[in-house]
Amino acid sequence: MGMNVGSSSGEDEVVSTINTTPLVDVMLVLLIIFLITVPVVTQSIALNLPKQTNVPRVTKPENIELSVNKDGDVYWGMKPVGDMEALVQRLGKEAVKNPQPEVHIRGDDKTRYESVGRVIFAAQRAGMMKISFVTEPPARGG
């Protein structure tokens, strides 16, 4: 008993339709991914974020240079400052001058934010109006 599987003439018929099942599967997976990720991306409150500015530093003799090293020690120019109260008193004497000098803070890149924050708070307590951070410009790659 034999069974004929192909056509009687021996040639197979060509199927000219496209199997769309894998395409539909991929599209459904992409749709699910987009439905999950879009709400995560759009959930934020409206803010006006600060823009990065790079202003060349104008060095004036009356400007106050404060440096904070990686250990958190504070220096006024090249001389160490004892504690924050001494810094507040010294900055308070400078704050009453007219025009008021600017405070330029130079922080080591390995300094804890807390150390720089204490210097900013001391300048604020002393009544200093303009505080700037001194940074290095980004390296030009080439």
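These numbers were taken from a predicted model, which means no experiment stands behind them.

Reading the values: the criteria
Residues numbered from 1 in each chain as written. Predicted model: local features only at pLDDT ≥ 70, side-chain atom pairs only at ≥ 80, totals over all residues. Heavy atoms only, no water. Axes fitted to C-alpha atoms, helices over the stretch in contact; angles between N-to-C directions. Helix = DSSP H or I, 4+ residues; strand = E, 2+ residues; numbered from the N terminus. Parallel < 35°, antiparallel > 145°, perpendicular 65-115°, else oblique. Left-handed = near helix turned anticlockwise from the far one by under 90°. Contact = heavy atoms within 4.5 Å. Nonpolar A, V, L, I, M, F, W, Y, C, P; charged D, E, K, R; others polar. Pairing = 2+ DSSP bridges. Right-handed = clockwise from strand over helix to strand, strands pointing away.

**Q** How should I be thinking about the packing of helix 2 (residues 84-95) against helix 3 (residues 113-126) in this particular structure?
**A** Pairs of packed helices are described in terms of their axes, by the angle between the two and the distance that separates them. The N-to-C vectors of helix 2 and helix 3 enclose an angle of 45°; their axes lie 8 Å apart at closest approach. Of the possible angle classes, the one that applies to helix 2 and helix 3 is oblique. In this structure, helix 2 crosses over helix 3, and the sense of that crossing is right-handed. Contacts from M84, E85, L87, V88, L91, G92 and A95 in helix 2 reach R118, V119, A122, A123, R125 and A126 in helix 3. Among the residues forming the contact of helix 2 with helix 3, the class breakdown is nine nonpolar, one polar and three charged.

**Q** Help me understand the pairing of strand 4 (residues 103-107), please; the structure alone is not making it clear to me.
**A** Along any regular strand the residues' side chains alternate between the sheet's two faces. Pairing analysis gives five bridges linking strand 1 (residues 64-68) to strand 4, with the strands arranged parallel. Across the sheet, residue E65 finds its bridge partner in strand 4, namely H104. In the sheet, strand 4 pairs with strand 5 (residues 131-133) via three bridges, with the strands oriented parallel. Along strand 5, the bridge assignment pairs I105 with F133. Read from strand 4 through helix 3 to strand 5, the crossover connection turns out right-handed.

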